[in-house]
Amino acid sequence: MPRFIKEHKLEFAVFFLAVGARLIFFFLNLYVNGGNVENTIHGKDWYFEISRNLLLGNGFSAERSPPFLPYSYGVPVYPLFLFFLLWLTGSYFATALIQLLLAAFIPIIGMRLSQLIVPSFHRAPLAAGIMLALAPYQILFSFIFFTEVLFTVLFGIFLILFLRFLETPLTRLAVLSGLFLGLSTLTKPTV
């Protein structure tokens with residue numbers, strides 16, 4: 001394990017920079033919202049309501065009271081992701097922190113993509129990682145219940161796998177890249 005850490009010390013540094021920046025902003029927003037976690041993480045895209053309704057057994061609905069009509073405008077992966085985390089942790093606070101940690105992997109994905117796209121420019125991964133770790137919208141969306149974090153992670157993994165497939169055309173890479181592209185398109189409706 002220590003060898004792995006030594007080999008990836010830049011990635012670890014960027015990851016912890018991203019986690020630190022996101023935690024500071026999360027707790028600052030939590031303070032501004034009077035300690036109310038739900039107000040801090042609540043987005044305007046109905047994913048909060050859908051995840052709550054799924055947890056309460058009211059189905060895939062954005063309604064706050066009966067009748068719980070099906071929500072037909074969104075795609076299913078992100079609400080199901082939130083539902084699973086809520087079911088697993090039983091807490092919106094823990095769910096937001098897990099999403100925040102997932103968001104901190106976006107700079108690492110960006111570092112890997114820059115290595116694959118411009119392999120001759122050795123400083124590109126670090127520059128990309130730092131910029132993504134400190135990007136204001138990335139920090140803001142890291143804990144709000146919007147699709148951006150999960151979509152960016154899934155789409156980034158697709159891009160990494162697809163670029164690796166272009167280098168080495170293996171069936172396994174084609175299938176995995178297709179899987180992650182499909183999951184990402186089922187996460188963010190605008191794709």
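Higher on the page you've got the structure.
These numbers were taken from a predicted model, which means no experiment stands behind them. (Residues numbered from 1 in each chain as written. Predicted model: local features only at pLDDT ≥ 70, side-chain atom pairs only at ≥ 80, totals over all residues. Heavy atoms only, no water.)

K.L.:
Got a minute to help me understand the environment of asparagine 29 in this structure?
P.N.:
Among the secondary structure elements, asparagine 29 is positioned in helix 2 (residues 9-32). A C-alpha to C-alpha distance of 25 Å links asparagine 29 and asparagine 53, two positions 24 residues apart in sequence. (Helix = DSSP H or I, 4+ residues; strand = E, 2+ residues; numbered from the N terminus.)

K.L.:
Got a minute to help me understand the packing of aromatic side chains in this structure?
P.N.:
Scanning the model with the defined rule gives 22 aromatic pairs in all. Plain terms: the ring middles of tyrosine 71 and tyrosine 73 are 6.0 Å apart, the flat faces sit at 75° to each other, and that makes the pair edge-to-face. The exposure class of tyrosine 71 is buried, given its relative accessible area of 17%. With a centroid separation of 5.4 Å and 20° between ring planes, the pair formed by phenylalanine 151 and phenylalanine 155 is classed as stacked. Taken together, the residues phenylalanine 151 and phenylalanine 155, both in helix 10 (residues 148-167) and four residues apart, mark about one turn of the helix. On the basis of relative accessibility, which here comes to 26%, the residue phenylalanine 155 falls in the partly exposed class. (Phe/Tyr/Trp six-rings, centres within 6.5 Å; stacked < 30°, edge-to-face > 60°. Buried < 20%, exposed > 50% of the residue type's maximum accessible area, 1.4 Å probe, protein only.)

K.L.:
Honestly, the pattern of salt bridges in this entry has me stumped. Any pointers?
P.N.:
Pairs can form between side chains of opposite charge once their charged atoms are near each other. Tallied over the full model, the rule gives four salt bridges. Arginine 52 is the salt-bridge partner of glutamate 38, the closest N and O atoms lying 2.7 Å from each other. Pair noted here: glutamate 38 is in helix 3 (residues 37-41) and arginine 52 is in helix 4 (residues 47-56), with a separation of 14 residues, a long-range link. For glutamate 38, a relative accessible area of 31% translates into the label partly exposed. As a salt-bridge pair, arginine 64 and glutamate 49 come within 2.8 Å of each other at their nearest N and O atoms. Linking arginine 64 in the loop between helix 4 and helix 5 (77-89) with glutamate 49 in helix 4, this pair joins segments that are 15 residues apart in sequence. Classification of arginine 64 by relative accessible area gives exposed; the value is 62%. With relative accessibility at 7%, the residue glutamate 49 sits in the buried group. (Salt bridge = Lys/Arg side-chain N within 4 Å of Asp/Glu carboxyl O.)

K.L.:
Any chance you could explain helix 2 here in plain terms?
P.N.:
Side chains three or four residues apart in an α-helix point the same way, a direct result of the helix having 3.6 residues per turn. If you check helix 2, its first and last C-alpha atoms are 34 Å apart, about what 24 residues at 1.5 Å a residue would give, namely 34 Å. Among the residues of helix 2, those classed as buried are Glu11, Val14, Phe15, Ala18, Val19, Ala21, Arg22, Phe26, Asn29 and Leu30. On its buried side, helix 2 packs onto helix 1 (2-7), helix 3, helix 6 (92-103), helix 7 (106-117), helix 8 (124-133) and helix 9 (136-141). Of the residues one or two after helix 2, glycine 34 is the one with positive phi, at around 65°. (Expected span 1.5 Å × (residues − 1). Contact = heavy atoms within 4.5 Å.)

K.L.:
Would you take a moment to explain unusual backbone geometry for this structure?
P.N.:
When glycine is set aside, most residues are seen to have a negative phi, and most peptide bonds are trans. With an omega of 0°, the peptide bond running from proline 66 to proline 67 counts as cis. Inspection of the secondary structure assignment puts proline 67 in the loop between helix 4 and helix 5. The phi angle at tryptophan 46 is positive, at roughly 75°, despite the residue not being glycine. Checked against the element boundaries, tryptophan 46 lands in the loop between helix 3 and helix 4. A relative accessible area of 38% means that tryptophan 46 is categorised as partly exposed.

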